[in-house]
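Here are the chains, one letter per residue:
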Amino acid sequence: MKTAIITGASDGIGAAIAERLSSDHQLILCGRDEEKLKVVSEKCGNAKYFAFDVNNAKQRNDFFDQVSKVDTLINNAGVWHKVGDLETLSDEKILEVLNTNLVAQILITRGLLLKLKESVEGAIINIISKSGIVAQAGQSVYTASKYGMRGFTDVLRQDLKESSIRVGAVFQSGTNTQMFAKAGDEFAVETFTEPKDLAEVVAFMLSRPEKLWINEVMVEK
């Protein structure tokens with residue numbers, strides 16, 4: 001059975017992906033909220049979980065040391081900044097968004113790459129967002145982080161094309177999670193894409209044979 005690591009797995013998209021993959025993958029769930037991770041773990045047959053901050057170098061490296069095997073990495077952790085012009089964003093918020101959505105994802109991928117290369121059929125799927133393709137007003141730094149992830153994913157795919165690792169990206173539109181509310185934005189999220197539907201997309205991507213690998217998927221409701 002393949003082993004899948006999912007970041008941002010304590011709720012929302014990550015939790016939905018974990019539940020969807022739990023029947024045919026050994027899971028390693030990552031997130032900051034240990035209590036929420038425990039709940040998701042129990043829904044997934046008591047999957048392994050590690051509570052840590054992806055932006056904390058020591059915690060990140062301690063996690064790497066505890067991973068012995070990984071076939072699939074799903075980079076899903078992310079944060080939102082409240083919609084507004086650039087001057088409304090503090091230094092702290094700008095750094096939080098860029099570090100969480102881009103820098104940490106790059107560092108986690110690098111930290112697990114050698115183990116991924118040991119897999120007969122490895123995969124990296126980055127859950128990026130429509131904001132990695134489409135520029136939208138009031139999302140300057142969030143969009144910068146997502147455009148960065150798109151570029152990182154495209155180059156990583158080229159760099160790994162001779163390896164056993166397949167690289168994919170999901171560019172989803174607004175999704176019914178708590179991410180926006182946590183940042184202080186109130187959207188009618190009930191009209192957005194459901195996390196469980198995105199989880200089906202990820203499962204479909206992972207089920208494709210080598211010659212039919214799907215590099216990227218754009219998901220809109």
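Student: How should I be thinking about the layout of surface pockets in this particular structure?
Tutor: Empty space among the atoms can be located by rolling a probe the size of a water molecule over them. Estimated volume of the largest pocket: approximately 980 Å³. What lines the largest pocket is a set of 47 residues, and nearest its centre among them are Gly78, Val79, Trp80, Thr177 and Met179. Elements with a minimum of two residues in the lining of the largest pocket: α1 (12-21), β2 (25-31), α4 (91-117), α5 (140-159) and α6 (179-182). Of the residues contributing to the lining of the largest pocket, the split by class is 15 nonpolar, 21 polar and 11 charged. In this structure, the second largest pocket encloses a volume near 230 Å³. Taken together, 13 residues make up the lining of the second largest pocket; nearest its centre are Lys161, Ser163, Ile165, Arg166 and Trp213.

Student: Is there a simple way to explain the sheet that holds strand β6 (residues 165-172) in this structure?
Tutor: The parallel open sheet is built from seven strands, whose spatial order is β3-β2-β1-β4-β5-β6-β7. The sheet terminates laterally at β3 (48-51) and β7 (216-219), the two strands that pair on one side only. In this sheet, neighbouring strand axes are inclined to one another by 15 degrees on average, regardless of whether the strands run parallel or antiparallel. Relative to β6, strand β5 (residues 122-127) runs parallel, the two sharing six bridges. Across the sheet, the residue bridging to Asn126 is Ala169, located in β6. Set on the sheet, helix α2 (residues 34-43) makes contact with β2 and β3; between it and β3 the angle comes to about 170 degrees. In this fold α4 packs onto β1 (2-6), β4 (72-75), β5 and β6, with an angle of close to 175 degrees to the strand it touches most, β4.

Student: Explain the packing of α4 against α5 to me, please; I cannot follow it from the model alone.
Tutor: Viewed as axis vectors pointing N to C, α4 and α5 meet at an angle of 15 degrees, and their least axial separation amounts to 8 Å. Taken together, the axis directions place α4 and α5 in an arrangement best described as roughly parallel. Like other packed secondary-structure pairs, α4 and α5 cross with a definite hand, here right-handed. Taking contact as the criterion, the partners of Ile94, Val97, Leu98, Asn101, Leu102, Gln105, Ile106 and Thr109 in α4 are, on α5, Val141, Tyr142, Ala144, Ser145, Lys146, Gly148, Met149, Phe152 and Leu156. The residue makeup of the contact of α4 with α5, split by class, is 11 nonpolar, five polar and one charged.

What counts and what doesn't
Residues numbered from 1 in each chain as written. Predicted model: local features only at pLDDT ≥ 70, side-chain atom pairs only at ≥ 80, totals over all residues. Heavy atoms only, no water. 1 Å grid on protein atoms, 1.4 Å probe; cavity = no way out; pocket = protein on both sides within 12 Å on 5 of 7 lines; lining within 4 Å. Points joined across faces, edges and corners; volume = space filled by probe spheres on them. Helix = DSSP H or I, 4+ residues; strand = E, 2+ residues; numbered from the N terminus. Nonpolar A, V, L, I, M, F, W, Y, C, P; charged D, E, K, R; others polar. Pairing = 2+ DSSP bridges. Axes fitted to C-alpha atoms, helices over the stretch in contact; angles between N-to-C directions. Contact = heavy atoms within 4.5 Å. Parallel < 35°, antiparallel > 145°, perpendicular 65-115°, else oblique. Left-handed = near helix turned anticlockwise from the far one by under 90°.

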